[in-house]
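The primary structure of each chain is shown beneath.
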Amino acid sequence: MIELKVKEGDNTYETLVGLNIRTGPSVKFPLMKREHMTEDGRAHSHGSVLDPHTRVTVLEVIIRPMTSSVWIRIPSGYICAVDGNKKYVEEK
């Protein structure tokens, strides 16, 4: 699994692809409804999908070893940052 390092005081990442915004840190959680997203989240998404190359603020990192994934909580919900050997965000 690819490691996602969050530096103290540096919590901004950029999405590499369009990412589903979910209500919790797993694909088992439903997609976030637009009316529950922040204004900025709605401005950088289509439906429940965050646009590629969007800068996000990381509020929390959730490591899920059983599924080899890393999820991050952003102001509008949760996005998958790493899934096995696939990395969906990068440090900015």
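For the structure, check the block above.
All values derive from a computational prediction rather than experimental measurement.

A. Structural view of the pairing of strand β6 (residues 60-64). Alignment of β6 against strand β7 (residues 69-74), held across 5 bridges, turns out to be antiparallel. Considered in β7, the bridge of Ile-63 is made with Val-70. Connecting β6 to the next strand, β7, in antiparallel fashion are 4 residues, including Ser-68 with a positive phi near 50 degrees.

B. Representation of the environment of Glu-14. Within the secondary structure layout, Glu-14 lies in strand β1 (residues 12-15). The exposure class of Glu-14 is buried, given its relative accessible area of 12%. Spatially, the C-alpha atoms of Glu-14 and Glu-91 are 6.4 Å apart, while their sequence positions differ by 77 residues. Apart from the residues within four sequence positions on either side, Glu-14 is in contact with His-53, Thr-54, Arg-55, Tyr-88, Val-89, Glu-90 and Lys-92. One polar contact links Glu-14 to His-53, side chain to side chain, over a distance of 3.1 Å.

C. Representation of the environment of His-53. Tracing the backbone through its elements, the reader meets His-53 in the loop between β4 (49-50) and β5 (55-57). We classify His-53 as exposed; its relative accessible area is 55%. As a C-alpha pair, His-53 and Gly-18 span 35 residues in sequence and 8.1 Å in three-dimensional space. Non-local contacts of His-53, meaning those with residues more than four positions away in its chain, are made with Glu-14, Thr-15 and Leu-16.

Cut-offs used in this document
Residues numbered from 1 in each chain as written. Predicted model: local features only at pLDDT ≥ 70, side-chain atom pairs only at ≥ 80, totals over all residues. Heavy atoms only, no water. Pairing = 2+ DSSP bridges. Helix = DSSP H or I, 4+ residues; strand = E, 2+ residues; numbered from the N terminus. Buried < 20%, exposed > 50% of the residue type's maximum accessible area, 1.4 Å probe, protein only. Contact = heavy atoms within 4.5 Å. Polar contact = N/O pair within 3.5 Å; in protein donor to acceptor, adjacent residues only side chain to side chain.

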